[in-house]
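Now for the letters of each chain:
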Amino acid sequence: MNPTASTPSTTPPPTHTLDIQGLRITLPGTARPVLDGVDLTVAPGETVALVGESGSGKSITSRSALRLLPPGAVVEGSVKVGGEDVLTMTDDRLRGLRAGGAAMVFQDPRAAVNPLRRIGDFLTESVTLTKAMTRSQATERAGELLQAVGLDGSVLRKYPGQVSGGMLQRVVIAAALMGDPALLLADEPTTALDVTSQAEVIALLAGLRARFGTGLLFVTHDLDLAAAISDRVYVMYAGRIAESGPAEALFAAPRHPYTAALLASTPRMDGPRGRLAAIAGQPPDLRRALHGCAFAARCPLATEVCDQKVPLPAAAPGRPGHLAACHHSDRLEGSAVDAR
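Residues numbered from 1 in each chain as written. Predicted model: local features only at pLDDT ≥ 70, side-chain atom pairs only at ≥ 80, totals over all residues. Heavy atoms only, no water.

1. Brief notes about the sheet that holds strand β1 (residues 18–26)
Operational definition: Pairing between strands is defined by DSSP: at least two bridges between the two strands are required. Helix and strand labels come from DSSP, where a helix needs a run of H or I of at least four residues and a strand needs a run of E of at least two; each type is numbered from the N terminus.
Pairing within the open sheet is antiparallel, and its four strands lie in the order β2-β1-β4-β5. Both edges of this open sheet fall to β2 (35–42) and β5 (84–85), since each of them pairs with a single strand only. Here six bridges tie β1 to β2, and the two strands are oriented antiparallel to one another. Looking across to β2, one finds that Leu23 is bridged to Val38.

Right, dumping it as structure tokens:
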């Protein structure tokens, strides 16, 4: 036997469609990172929600999976899609990833399309330009995906201005699936839609995930939406992950005061009458450095240690997959910020 002969690779396939580890992003003119040590994973066929207030870092986290970063960004850590680090990919490999391996559904569907081109051209352009499909194959695939999102083939001949916002968001979702991606990134995909269309898009994304086995990272500030669609949830605050865990456990028994406060401030039809609870204060300014817990200035449980020491993620008792970065997680239940 020739000892130099090649042998089949024994490297196991990646267990996560998306694997972000220690992601730290600093932008020019800021005193602290916009993302500070973010760890996040999405498994094949899993829906993960990333929630938090505006400005917490949700969108830049999701866009890092496609290396869609602001000019001048200084990046540390790793962002692996399908086992490959997006941050160190060549430009050719990155174009291939964006054309097929991962895709994003943006917040405003009308900003994602050219109003002067037919929807059929929009759907087929990326896969034909990369020569992944012929024109006829791409048109056939586009028709199949339009049916999958509840539309018919006549939409191919229409212009974006001839369909409703809800229909156009379905078109954008179909476009994201054209390259059969293993990872779908949805950045506030229902914000620009009415309540009925929101529910339809949520149900659609859940059905498509089950049908195609796609890993889904769903970015939202709406906790009820996150609870409805996700298997696991990450709660982000000031560029850090405050809490993460299975959706049901996290919403039933939050272990971080920020998560509890978000839940308490969510309006509900069956909730008590009167003024809604609100989180006092403002998120920390990017022009000021943080020396302890980012939420300390707004937290009713904060003590001196919170101002001085950054809390590390710790598991809840008996729940190893439920992590919270809080010095006082054990004091949360039964306190004034308890959302249950």
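2. Some remarks on the pairing of β1
With seven bridges joining them, β1 and strand β4 (residues 74–81) adopt antiparallel strand pairing. Bridging from a neighbouring strand, Arg24 pairs with Glu76 of β4.

3. Topic: helix α9 (residues 257–264)
Every α-helix winds through 3.6 residues per turn, so residues three or four apart in the chain are directed the same way. The condition that has to hold: A 1.4 Å probe rolled over the protein chains alone gives each residue an accessible area, and that area as a share of the maximum for its type sets the label: buried under 20%, exposed over 50%, partly exposed in between.
Of all eight residues in α9, seven are buried; the element is thus mostly enclosed. Every buried residue belonging to α9 is among Pro257, Tyr258, Thr259, Ala260, Ala261, Leu262 and Leu263, and all of these are buried.

4. Considering the layout of surface pockets
Rules: Whether a set of points on the 1 Å grid over the protein atoms alone is a cavity depends on a 1.4 Å probe fitting there but being unable to get out, while an open set qualifies as a pocket with protein on both sides within 12 Å along at least five of seven lines; lining residues are those with an atom within 4 Å of a point. Grid points are joined across faces, edges and corners, and a volume is the space filled by probe spheres set on the points.
Volume-wise, the largest pocket comes out at about 650 Å³. In terms of lining, the largest pocket is formed by 24 residues, of which the most central are Arg98, Ala103, Met104, Ser126 and Ala175. Where the lining of the largest pocket is concerned, the elements lending two or more residues are α2 (91–101), β6 (102–105), α3 (119–129) and α5 (165–176). Take the lining of the largest pocket: its biggest share by element is six residues, from α3.

5. Some remarks on empty space enclosed by the protein
For clarity, the threshold we go by: For this scheme, ten residues count as nonpolar: Ala, Val, Leu, Ile, Met, Phe, Trp, Tyr, Cys and Pro. Four count as charged, namely Asp, Glu, Lys and Arg, and the remainder, Gly too, count as polar.
If you walk through the whole model with that rule in mind, you get two cavities of 30 Å³ or more. Estimates place the volume of the largest cavity at around 70 Å³. Forming the walls of the largest cavity are His256, Pro257, Cys293, Phe295, Ala296, Cys299, Ala302, Cys306, Pro311, Cys326, His327 and His328. The residue inventory of the lining of the largest cavity, partitioned by class, reads nine nonpolar, three polar and no charged.

6. Things to note about the nonpolar core
As a rule of thumb, nonpolar side chains are buried together in soluble globular proteins. The condition is simple: Think of a nonpolar core as a cluster: buried Ala, Val, Leu, Ile, Met, Phe, Trp, Tyr and Cys residues, connected wherever their side-chain atoms sit within 4.5 Å. Contacts are assigned to residue pairs with any non-hydrogen atoms lying within 4.5 Å of each other.
Counting residues in hydrophobic clusters, the biggest one holds 37 residues, and the most contacted among them are Leu123, Leu146, Val171, Ile173 and Leu205. Mapped by element, the contributors of at least two residues to this core are β6, α3, α4 (135–148), α5, β7 (183–187), α6 (195–212), β8 (215–220) and α7 (223–229). Examining the composition of this core, we find that seven residues originate from one element, α5, more than from any other. Contacts of Leu123, omitting those with residues within four sequence positions, involve Ala142, Leu146, Leu156, Val171, Ala174, Ala175 and Met178. Counting residues in hydrophobic clusters, the runner-up holds 29 residues, among them Val34, Val38, Leu183 and Tyr234.

7. Remarks on the packing of aromatic side chains
Aromatic ring pairs: the centre-centre distance and the angle between the two ring planes describe each pair. Using the following cut-off: Pairing of aromatic rings covers Phe, Tyr and Trp, the last through its six-membered ring, and needs centres within 6.5 Å; plane angles under 30 degrees mean stacked, over 60 mean edge-to-face, and all others mean tilted.
The final tally for this structure, using the stated rule, is three aromatic pairs. Relative to Phe295, the ring of Tyr237 lies with its centre 5.2 Å away and its plane at 85°, an arrangement referred to as edge-to-face. Residue Tyr237 is found in strand β9 (residues 232–237), and its partner Phe295 is found in the loop between α9 and α10 (304–308); the two are separated by 58 residues along the sequence. Side by side, Tyr237 and Phe295 carry an identical accessibility label, which is buried. Through pairs of rings, three or more aromatic residues link up here, namely Tyr237, Tyr258 and Phe295.

8. Observations regarding the confidence of the model for the protein chain
What counts here: Note: pLDDT gives the predictor's confidence per residue, expressed from 0 to 100.
Residue-level pLDDT values for the protein chain average 88, and 92% of them are 70 or greater. Confidence, read as mean pLDDT per element, is least for α6 in the protein chain (79) and greatest for β1 (98). When the criterion is pLDDT under 50, residues 1–9 qualifies, and its contacts beyond four places in sequence or with other chains add up to zero contacts. In the model, residues 334–340 has pLDDT below 50 throughout and makes 15 contacts with residues more than four positions away in sequence or in other chains.

9. Topic: the pattern of salt bridges
For clarity, the threshold we go by: Salt bridges are identified by distance alone: a Lys or Arg side-chain nitrogen within 4 Å of an Asp or Glu carboxyl oxygen.
Per the stated rule, a full pass over the model turns up 12 salt bridges. Taking the shortest distance from any N to any O, the salt bridge between Arg298 and Glu53 comes out at 3.1 Å. Separated by 245 residues along the polypeptide, Arg298 in the loop between α9 and α10 and Glu53 in the loop between β3 (47–51) and α1 (58–63) bring together distant segments of the chain. On the accessibility criterion, Arg298 (9% relative accessible area) is buried. Residue Glu53 is classed as partly exposed on the basis of its relative accessible area, which comes to 22%. Shared partners join several salt bridges into a network, and the residues in it are Arg24, Asp36, Glu76 and Arg240.

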